[in-house]
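One letter stands for each residue in the lines below.
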Amino acid sequence: MKAPINKDDFRPAVRIITPGRKAGINDFAQFDALSGRGDVHIDIFDITGKRVRTLNEPFMWDGADADGEIVETGVYIYQFKVDGVA
């Protein structure tokens, strides 16, 4: 039986990313604790609510949109679903 998900499971360890710099530091947000939890996907939205990317395993966002372009600097929101429940 899988352990229940707690609040720390869905928070990426790195909350501020700077993917445009490609410095090898803070280049991506990773959601490791969600791996192996069933049917999981993560949607990334911009501040206007537009979906910019959907992640499936591996759960790592490199700051790019669905077309592979680095998104503009700003606030982004993530929503994850596990077995269809947000």
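Residues numbered from 1 in each chain as written. Predicted model: local features only at pLDDT ≥ 70, side-chain atom pairs only at ≥ 80, totals over all residues. Heavy atoms only, no water.

Draft legend 1. Representation of the pattern of salt bridges in the model. A full pass over the atoms with the stated rule returns two salt bridges. Salt-bridge contacts for Arg 51 lead to Asp 43; the nearest nitrogen and oxygen are separated by 3.4 Å. The exposure class assigned to Asp 43 is buried, which follows from its relative accessible area of 6%. Residue Arg 53 is joined to Asp 62 by a salt bridge in which the shortest nitrogen-to-oxygen separation is 2.8 Å. The partly exposed category is assigned to Asp 62, whose relative accessible area is 31%. (Salt bridge = Lys/Arg side-chain N within 4 Å of Asp/Glu carboxyl O. Buried < 20%, exposed > 50% of the residue type's maximum accessible area, 1.4 Å probe, protein only.)

Draft legend 2. Local environment of the sheet that holds strand β3 (residues 51–55). Taken together, three strands build an open sheet; the order of strands is β3-β2-β5 and the sheet is antiparallel. Single-partner strands in this sheet number two, and they are β3 and β5 (76–82). Averaged over all neighbouring strand pairs, the angle between strand axes comes to 20°, with direction disregarded. Looking at chain direction, strand β2 (residues 40–46) and β5 are connected through seven bridges and run antiparallel. (Pairing = 2+ DSSP bridges. Helix = DSSP H or I, 4+ residues; strand = E, 2+ residues; numbered from the N terminus. Axes fitted to C-alpha atoms, helices over the stretch in contact; angles between N-to-C directions.)

Draft legend 3. Just the nonpolar core, in detail. The biggest cluster of nonpolar side chains holds twelve residues, and these are Ala 29, Phe 31, Val 40, Ile 42, Ile 44, Val 52, Leu 55, Phe 59, Trp 61, Val 71, Phe 80 and Val 82. Mapped onto this core, the elements with two or more residues apiece are β2, β3 and β5. (Core = buried A, V, L, I, M, F, W, Y, C linked by side-chain atoms within 4.5 Å.)

Draft legend 4. Molecular detail of the confidence of the model for the protein chain. Averaged over the protein chain, the pLDDT score is 78; the fraction of residues at 70 or greater is 59%. The lowest-confidence element of the protein chain is strand β1 (residues 29–30), averaging 80 in pLDDT; the highest-confidence one is β3, averaging 94. (pLDDT = per-residue confidence, 0-100.)

Draft legend 5. Just the layout of surface pockets, in detail. Taken as a whole, the second largest pocket spans an internal volume of roughly 210 Å³. A breakdown of the residues in the lining of the second largest pocket according to their chemical character gives six nonpolar, two polar and five charged. (1 Å grid on protein atoms, 1.4 Å probe; cavity = no way out; pocket = protein on both sides within 12 Å on 5 of 7 lines; lining within 4 Å. Points joined across faces, edges and corners; volume = space filled by probe spheres on them. Nonpolar A, V, L, I, M, F, W, Y, C, P; charged D, E, K, R; others polar.)

Draft legend 6. Representation of the environment of Asp 39. With respect to the element layout, Asp 39 can be found in the loop between β1 and β2. In the structure, Asp 39 is positioned 18 residues away from Glu 57 in sequence and 9.8 Å away in space, judged by C-alpha atoms.

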